[in-house]
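As a plain string of letters, each chain reads:
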Amino acid sequence: MINFHVDKSSSVPAYAQLIRQVREGLRMGLLHPGDQLPTVRSVVTSCTVNPSTVLKAYRELELSGLVEARQGAGTFVSGTLGGADPHVMARLRHGLARWLDQAREAGLETEDVEALFASVIVENSARRAQEGAA
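Keep in mind it's a predicted model, so treat the numbers as computed, not measured.

Visitor: Help me understand the packing of helix 1 (residues 14-27) against helix 3 (residues 51-63), please; the structure alone is not making it clear to me.
Guide: Axes are the key here: two packed helices are described by the angle between their axes and the distance separating the axes. For the pair helix 1 and helix 3, the least separation of the axes is 8 Å and the interaxial angle reads 45°. It follows from the interaxial angle that helix 1 and helix 3 lie oblique. Of the two possible hands of crossing, helix 1 and helix 3 adopt the one that is right-handed. In contact with Ala14, Tyr15, Leu18, Ile19, Val22 and Arg23 of helix 1, helix 3 contributes Thr53, Val54, Lys56, Ala57, Glu60 and Leu61. Residue composition of the contact of helix 1 with helix 3, by class: 8 nonpolar, 1 polar and 3 charged.

Visitor: How should a negative patch on the surface be read in this particular structure?
Guide: Together, Glu109, Glu111, Asp112 and Glu114 give the surface a local cluster of negative charge. Residue placement: Glu111 occurs in helix 5 (residues 110-133). Of the residues examined, Glu111 reaches a relative accessible area of 65% and is grouped as exposed.

Visitor: I would appreciate a short explanation of the packing of aromatic side chains in the present structure.
Guide: Where two aromatic rings form a pair, the distance of their centres and the angle of their planes describe that pair. Per the counting criterion, the structure on display carries 1 aromatic pair. Judged by centre distance (6.5 Å) and plane angle (50°), the rings of Phe4 and Tyr58 are tilted. Note that Phe4 is positioned in the segment before helix 1 and Tyr58 in helix 3, a separation of 54 residues in sequence. Like Phe4, the residue Tyr58 is buried in the burial classification. The cationic tip of Lys56 hangs over the ring face of Tyr15; the distance from NZ or CZ to the ring centre is 4.0 Å. Directly above the ring of Phe76 sits Arg70, whose terminal nitrogen or CZ lies 4.0 Å from the centroid.

Calculation notes
- Residues numbered from 1 in each chain as written.
- Predicted model: local features only at pLDDT ≥ 70, side-chain atom pairs only at ≥ 80, totals over all residues.
- Heavy atoms only, no water.
- Axes fitted to C-alpha atoms, helices over the stretch in contact; angles between N-to-C directions.
- Helix = DSSP H or I, 4+ residues; strand = E, 2+ residues; numbered from the N terminus.
- Parallel < 35°, antiparallel > 145°, perpendicular 65-115°, else oblique.
- Left-handed = near helix turned anticlockwise from the far one by under 90°.
- Contact = heavy atoms within 4.5 Å.
- Nonpolar A, V, L, I, M, F, W, Y, C, P; charged D, E, K, R; others polar.
- Patch = residues over 30% accessible without salt bridge, like charges linked within 9 Å, V, L, I, M, F, W, Y side chains within 5 Å.
- Areas by Shrake-Rupley, 256 points an atom, 1.4 Å probe, with all protein chains shown as cover.
- Salt bridge = Lys/Arg side-chain N within 4 Å of Asp/Glu carboxyl O.
- Lys, Arg positive; Asp, Glu negative; His and termini not counted.
- Charge placed at Lys NZ, Arg CZ, Asp CG, Glu CD.
- Buried < 20%, exposed > 50% of the residue type's maximum accessible area, 1.4 Å probe, protein only.
- Phe/Tyr/Trp six-rings, centres within 6.5 Å; stacked < 30°, edge-to-face > 60°.
- Lys NZ or Arg CZ within 6 Å of the ring centre and 35° of its normal.

Quick look at the structure:
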């Protein structure tokens, strides 16, 4: 089962953080169809958020076809995202963790790492689009 966390200092709304964590769990192979998400009550308690925040996140996940609410039983994963080989994902994750250690040793803070990573994604996407057009 996924353990949610909400960063109160983030500019990202709490419900969007919950949605992102489910989507990341699906992409990383940590969540699978049939897995149960934590109850609204347990998320409210563990993350100190309003029940309507959790309900909004679960509702949006349901509308996108990733989860389904079962009356009296809870909310369950019903969809998938990504199709990468779990072994490849694990290897890449390990390499990224080593890179992150190097970035921290170089003095980069979380926002620096996020900005650097986002800029590389944008540059890479632009380069691939140019190559595809050629």
